Amino acid sequence: MDGWVLVQGKHRVREKNCRNRKEGRATDELLNTTLGEREEEEYNDDKKNLKTRKCTYSINRNNRDNIYKEIKKIMSLLEKTEFFENFQKKFNKIYKHEIKIVGAICLGLGSLRDQNLNSKRACMYQLCFILLVKNIYTIDKIFIYDPKITKMEQGVYSILNIQVLSCKGIYKKSNFESDTQTAHVGEEKTFHHTTIKLNKNERMLLFMPHCDICLYGEVLYNIFIYEQLRYANVHFFFNLDNTIFLGNSFDYYKERIFLYKPFGLPSYIIQMLQENEDILNLKINETNSFQLQKNFKYSHFIFYILNFSKQVNFPVYFEQISAFNDLAIVLFCKIPNKPIFWATVYKFLLGQAKI
């Protein structure tokens, strides 16, 4: 019995081992088949992805080339318009040949691929306009920034030798503040960038058509206070008196000044005035100061520099009105003493508050 059992046991083991070997071979075959199918699927997926990428690249390249051709066509048409001829006549009166325009910073143009056809058309016309200005007045470089700019558009701008500005890692730093100031949380302080500094006879063209007054105020305020405009990849160093501004006419805001009251001052300016009370022959009232800080908006700065600006208006015709509004050329006088300037503004605001 034991032998039988043993034999039977051996037979069963042998049978079991045989069955396991068969099942093992079947499993291996199934596994190999599955792996092969999976590899084939992955290979096919890779081919599909590669094909999709090639197709996407081809579409983007075609779109880029089509946009480039459209830009060239519009430039040719725009140059012959009465609007652009009129602009040249006005600009030539203020443009001096001994002055060199080293760059043009374009802000808020929008996207060449905007789904809104009116916005897309406006962006296209604005871009063609500044390209014509660059060619005629031999401007070295155009810089552009708008959060709507896509990768495909970056390809277009690359062909046109336009540098897209980046806000990644940007932080603001005043010349009057400590050099040990750190960047805000989540922002990069170190970033490879190009530095552009203007000499006495050099100018920077600031092209901002169709922008909001708050953006105008913030940009011009930063140039005035910090004497610079910083982006992550390019740092510009220039003053307001080195700036040729092309944007909405300030007359529009001046006529509607009541919409932007009450006026205010930033906390930094209040602090600066308090530290120089004796020199400026000024007495800062804490209650008034608190209210001025509370009221401050960047748009207010536009009204503070009106007396230090010279504006040249020119008619914008119906065909271009949607792209340029009431475009004007604005130049700024040099303000040699900033503390006195802000003290004058402070006294003016106190006088307005008493009325």
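The coordinates are above.
Rules behind the numbers
- Throughout, residues of each chain are indexed from 1 in the direction in which the sequence is written.
- A pLDDT threshold of at least 70 governs which residues receive local features in this predicted model, and a stricter bar of 80 or more applies before side-chain atom pairs are shown or counted, although totals over entire chains, interfaces and linings include all residues.
- Calculation of side-chain values draws on the structure's entire complement of heavy atoms; hydrogens and water are dropped beforehand.
- The secondary structure listing takes helices from DSSP runs of H or I that are at least 4 residues long and strands from runs of E that are at least 2 residues long, numbered from the N terminus.
- Think of it in three bands: residues with accessible area under 20% of the maximum for their type are buried, residues over 50% are exposed, and the middle band is partly exposed, with areas taken using a 1.4 Å probe on protein chains only.
- Pairs of residues are marked as contacts when any of their non-hydrogen atoms sit within 4.5 Å.
- One less than the number of residues in a helix, times 1.5 Å, gives the span that helix is expected to have.
- Relevant arc is that of directions from the helix axis to the C-beta atoms, nothing else.
- By the criterion applied in these results, polar contacts are pairs of N or O atoms within 3.5 Å in which, for protein atoms, one can donate a hydrogen and the other can accept it, and in which residues neighboring in sequence qualify only through two side-chain atoms.
- The rule for pairing is simple: two strands pair if DSSP sees at least two bridges between them.
- By convention, a stacked pair of Phe, Tyr or Trp rings (six-membered ring in the case of Trp) has centres within 6.5 Å and planes under 30 degrees apart, an edge-to-face pair has planes over 60 apart, and any other such pair is tilted.
- Cation placement over rings: the criterion is NZ of Lys or CZ of Arg within 6 Å of the ring centroid and within 35° of the ring normal.
- To get an axis, a line is fitted to the C-alpha atoms, and for a helix only the part in contact is used. The angle between two axes follows their N-to-C directions and goes from 0 to 180 degrees.

Draft legend 1. Molecular detail of the environment of V156. Mapping V156 onto the fold places it in helix α4 (residues 151–159). Take V156: its relative accessible area is 1%, and that puts it in the buried class. It is 9.3 Å that separates the C-alpha atoms of V156 and R61, two residues lying 95 residues apart in sequence. Excluding residues that lie within four positions of it along the chain, V156 makes contacts with R64, I67, I71 and L112.

Draft legend 2. Up close: helix α2 (residues 82–94). In this model α2 runs 19 Å from its N-terminal to its C-terminal C-alpha over 13 residues, within 8% of the 18 Å that 1.5 Å per residue would give. Among the residues of α2, F83, F84, N86, F87, F91 and I94 are the ones counted as buried. Looking straight down α2, one finds its buried side chains confined to an arc of 155°; they lie on one side. Set apart from the buried face of α2 by more than 90 degrees, the exposed residues are E82, K89 and K93.

Draft legend 3. How the structure looks around the environment of Y268. You can see Y268 is positioned in helix α7 (residues 267–275). For Y268, a relative accessible area of 23% puts it in the partly exposed group. Taking the C-alpha atoms as reference points, Y268 and Q293, 25 residues apart in sequence, are found 9.2 Å from one another.

Draft legend 4. Spatial organisation of unusual backbone geometry. With an omega of 5°, the peptide bond between K261 and P262 qualifies as cis. Within the secondary structure, P262 is located in the loop between α6 (250–255) and α7. Despite not being glycine, E227 has its phi angle at roughly 55°, a positive value. For E227, the location among the structural elements is in the loop between α5 (213–226) and β6 (229–230). The exposure class assigned to E227 is partly exposed, which follows from its relative accessible area of 32%. The phi dihedral of N281 is positive, around 55°, even though this residue is not glycine. Relative to the helices and strands, N281 resides in the loop between α8 (277–280) and α9 (286–295). Given a relative accessible area of 68%, N281 falls into the exposed group.

Draft legend 5. Geometry of the side chain of N248. Along the chain, the position of N248 falls in strand β8 (residues 243–248). The class for N248 is buried, based on a relative accessible area of 7%. Within the local environment of N248, its side chain forms a polar contact with the backbone oxygen of C211, the two atoms lying 3.5 Å apart. Among the polar contacts made by the side chain of N248, one reaches the side chain of Y253 at a distance of 3.3 Å. Excluding residues that lie within four positions of it along the chain, N248 makes contacts with M208, H210, C211, Y216, Y253, F324, N325 and D326.

Draft legend 6. Quick look at the sheet that holds β6. The strand order across the open sheet built from 3 strands is β4-β7-β6, with neighbouring strands paired in mixed fashion. Edge positions in the open sheet fall to β4 (194–197) and β6, since each of these has one partner strand only. The pairing of β6 with strand β7 (residues 234–237) spans 2 bridges and is antiparallel. Residue pairing in the sheet places R230 in a bridge with H235 of β7.

Draft legend 7. Focus on the packing of aromatic side chains. Enumeration according to the criterion identifies 33 aromatic pairs in this entry. Considering the side-chain rings of Y145 and Y231, the 5.9 Å spacing of their centres and the 45° angle between planes classify their relative orientation as tilted. Of this pair, Y145 sits in strand β2 (residues 141–145) while Y231 is found in the loop between β6 and β7, placing the two residues 86 residues apart along the sequence. Among the residues examined, Y145 registers a relative accessible area of 24% and is labelled partly exposed. Taking relative accessible area as the criterion, Y231 reaches 8% and is therefore assigned buried. The ring centre of F237 lies 5.6 Å from the NZ or CZ of K197, which sits over that ring. The ring of F224 has K338 lying over it, and the distance from NZ or CZ to the ring centre is 5.0 Å.

Draft legend 8. A look at the sheet that holds β2. Read from one edge to the other, the open sheet built from 7 strands follows the order β3-β2-β1-β5-β8-β10-β9, with strand pairing classed as mixed. The outermost strands of the open sheet, each flanked by one partner alone, are β3 (162–164) and β9 (309–313). Strand-to-strand twist of the sheet, defined as the mean angle between neighbouring strand axes without regard to direction, takes the value 25°. The sheet contact formed by β9 and strand β10 (residues 327–332) spans 5 bridges and is antiparallel. Bridge pairing links K310 to L331 in β10. Across the face of the sheet, α5 comes into contact with β1 (100–107), β5 (202–208), β8 and β10 while running at roughly 160° to β5.

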